[in-house]
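Working through the structure, step by step
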Number of protein chains: 2
Amino acid sequence: MGRPPTPLLSTDRITAAAMQLVDATGGFTMPELARTLQVSPSSLYNHVTGRDQIVELLRERAMSEVELPDEQPEGPWTDVVAEVLRSYRRSYARYPRLIPLLTAYPVNSSHAIRMYNVLAVTLRRAGFDAADTLRAITLMDCFVLGAALDVAAPDEPWHSGEEVGPEFADALATGVGKADRADDAFEYGLAALLRGLSAD
Amino acid sequence: MGRPPTPLLSTDRITAAAMQLVDATGGFTMPELARTLQVSPSSLYNHVTGRDQIVELLRERAMSEVELPDEQPEGPWTDVVAEVLRSYRRSYARYPRLIPLLTAYPVNSSHAIRMYNVLAVTLRRAGFDAADTLRAITLMDCFVLGAALDVAAPDEPWHSGEEVGPEFADALATGVGKADRADDAFEYGLAALLRGLSAD
């Protein structure tokens, strides 16, 4: 039984190749993808309906490490939300360059929708009306995606040249050499955000 | 006096071409940039020191519409911060695909540093210590960059299929056909964030 010289084309292989292209170049086109996989563009369409479906497959990967509680989570709403957002950030931080691609397409993948269902149920129970639930979820999304990008930032995200004023220089000095700078700032931001939403 | 067939190469033309490439493909390489400008890669280096400098030139463009108050701004700190963050978001929303590229490089451009100086001065005056000033600025950055991505999101950022639960469906319904959905959510989020930081 001979093994084929290249693995068979599959949805998984297409998704993995698209992810590598996004990671290396910031995006992907169907012809680039076909070239990378050494297949004709038309063979891609035997496995996926098109670029939109690949984007949703990439979203599923980005979401794959998001841990969700039961659909009817117990405990204070701020704890439930905090846990979801922590794992949402961790999961997306693996693929920072994917983020603007995902936000440019409507969310249409099961695991993502399940996460938003949990957030919406939790917020409604906490007393948010429907409109504020959408606004609060949007705030959480913006914060988490920005924070996922911050994980990929350099260890010192700002140069400290002579234009840096004394107040900003003092602030920057507190982050220098701090291995958990991004995690620490995320926890501070998460607490502020939940306090602000609680005090509405 | 004949006009040269193509405009002379300049830092401005290089930056504009890099921005177009990022907008179209998500990134740029020096060879791609040279090809787009129909010059040899080595002629790029007569105008810029390399890729890092181009990234900072792109950051200056993304920041170009950020309006800053005087270095010693008057008024409640929450108002000063809110105005800066509004124009920061508007300015970056023009170039969503640039965002992960900028966050991957240390900030080293004058206008950006001036903005962070204003934020740091304002937060220190409001009583934040140096460490919390860095954390609060990081929170603002994460929120604004995420919100700038949300401006580029589709009119309806979520599909409403059968997996969408009743609570999330109710929330989504409040955003449907609302032209200012992203702006409205940004103002809600900004208010929550400032409330949360005030209540620290």
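Computed from a predicted structure; not experimentally measured.

Basis of the calculations
- Residues numbered from 1 in each chain as written.
- Chains lettered and ligands numbered in written order.
- Predicted model: local features only at pLDDT ≥ 70, side-chain atom pairs only at ≥ 80, totals over all residues.
- Heavy atoms only, no water.
- Helix = DSSP H or I, 4+ residues; strand = E, 2+ residues; numbered from the N terminus.
- Buried < 20%, exposed > 50% of the residue type's maximum accessible area, 1.4 Å probe, protein only.
- Contact = heavy atoms within 4.5 Å.
- Areas by Shrake-Rupley, 256 points an atom, 1.4 Å probe, with all protein chains shown as cover.
- Lys, Arg positive; Asp, Glu negative; His and termini not counted.
- Charge placed at Lys NZ, Arg CZ, Asp CG, Glu CD.
- Buried area = accessible area lost by both parts, 1.4 Å probe.
- Salt bridge = Lys/Arg side-chain N within 4 Å of Asp/Glu carboxyl O.
- Polar contact = N/O pair within 3.5 Å; in protein donor to acceptor, adjacent residues only side chain to side chain.
- Axes fitted to C-alpha atoms, helices over the stretch in contact; angles between N-to-C directions.
- Parallel < 35°, antiparallel > 145°, perpendicular 65-115°, else oblique.
- Nonpolar A, V, L, I, M, F, W, Y, C, P; charged D, E, K, R; others polar.
- Least-squares fit on C-alpha atoms with pLDDT ≥ 70 in both.
- Core = buried A, V, L, I, M, F, W, Y, C linked by side-chain atoms within 4.5 Å.

Time to look at the overall build of chain A. Scanning chain A from terminus to terminus reveals 10 helices and zero strands. Sequence-ordered secondary structure for chain A, helices as α and strands as β, is α-α-α-α-α-α-α-α-α-α. For chain A, the spread of C-alpha atoms along the three principal axes comes to 65 × 50 × 30 Å. Among the 200 residues that make up chain A, the fraction classed as buried is 54%. In chain A, the share of contacts with a sequence separation of at least 24, taken over all contacts with a separation of at least 6, comes to 72%. By element, 50% of the accessible surface of chain A is carried by carbon and sulfur atoms, the whole surface being about 9000 Å². The centroid of the 18 positive side-chain charges in chain A is displaced by 8 Å from the centroid of its 28 negative side-chain charges.

Contacts between chain B and chain A engage 68 residues on the former and 68 residues on the latter. Carbon and sulfur atoms make up 66% of the area that chain B and chain A hide from each other, which totals about 5600 Å². Ionic pairing is found between Arg135(B) and Asp184(A), a salt bridge with its closest N-O pair at 2.6 Å. The interface formed by chain B and chain A contains 18 residue pairs in polar contact (both at pLDDT 80 or more). Of all the elements in the fold, those that place two or more residues in the side of chain B that touches chain A are helix 6 (99–103), helix 7 (110–125), helix 8 (130–151), helix 9 (166–173) and helix 10 (181–198) of chain B.

Most peptide bonds take the trans configuration, and most residues that are not glycine carry a negative phi. All names here are of chain A. Positive phi outside glycine occurs at Gln-38, with the angle close to 55 degrees. Counting through the fold element by element, Gln-38 comes out in the loop between helix 2 (30–37) and helix 3 (41–44). A residue is classified by how much of its surface remains accessible, and Gln-38, at 68% relative accessible area, is exposed.

As a further point, take the side chain of Thr133(A). Relative to the helices and strands, Thr133(A) is located in helix 8 (residues 130–151). The class of Thr133(A) is buried, set by a relative accessible area of 0%. Here Asp129(A) takes part through its backbone oxygen, which lies 2.8 Å from a polar atom of the side chain of Thr133(A). Setting aside residues no more than four positions away along its own chain, Thr133(A) makes contact with Ala120(A), Leu123(A), Arg124(A), Phe128(A) and Ala171(B).

All names here are of chain A. The contact between helix 1 (residues 11–25) and helix 4 (residues 51–63) brings their axes to 10 Å, and the two run at 80 degrees. Here helix 1 lies roughly perpendicular to helix 4, going by the angle between them. In this structure, helix 1 uses Thr-11, Asp-12, Ile-14, Thr-15, Ala-16, Ala-18, Met-19 and Val-22 to contact helix 4, whose residues at the interface are Ile-54, Leu-57, Leu-58 and Arg-61. Looking at the contact of helix 1 with helix 4, its residues break down into eight nonpolar, two polar and two charged.

Once turned by 180 degrees and shifted 0.0 Å along the axis, chain B lies on chain A with an RMSD of 0.0 Å. Between the two chains, the operation in question is that of a two-fold axis. With an isologous cut-off of 70% or more, the 100% of interface residues of chain B that recur at the interface of chain A puts this contact in the isologous class.

Quick look at the pattern of salt bridges now. One pass over the structure, following the stated rule, counts 22 salt bridges over all chains. Close ionic contact of Glu187(A) with Arg86(A) constitutes a salt bridge, the shortest N to O distance being 2.7 Å. On the criterion of sequence distance, the pair formed by Glu187(A) in helix 10 (residues 181–198) and Arg86(A) in helix 5 (residues 77–93) is long-range, its members being 101 residues apart. Note on Glu187(A): relative accessible area 33%, which makes it partly exposed. Among the salt bridges present, the one from Asp183(B) reaches Arg89(B), with a minimum N-O distance of 2.8 Å. Of this pair, Asp183(B) sits in helix 10 while Arg89(B) sits in helix 5 (residues 77–93), placing them 94 residues apart in sequence. When its relative accessible area of 6% is taken as the criterion, Arg89(B) is described as buried. A single network of salt bridges, built from pairs that share partners, joins Asp132(A), Arg135(A), Lys178(B) and Asp184(B).

Phe28(A), Leu33(A), Phe28(B) and Leu33(B) are the most contacted members of the largest nonpolar core, which totals 138 residues. Other than its neighbours up to four places away in sequence, Leu33(B) contacts Ile14(B), Ala17(B), Ala18(B), Leu21(B), Phe28(B), Leu44(B) and Ile54(B).

Function cannot be inferred from these measures alone, as they are strictly geometric.
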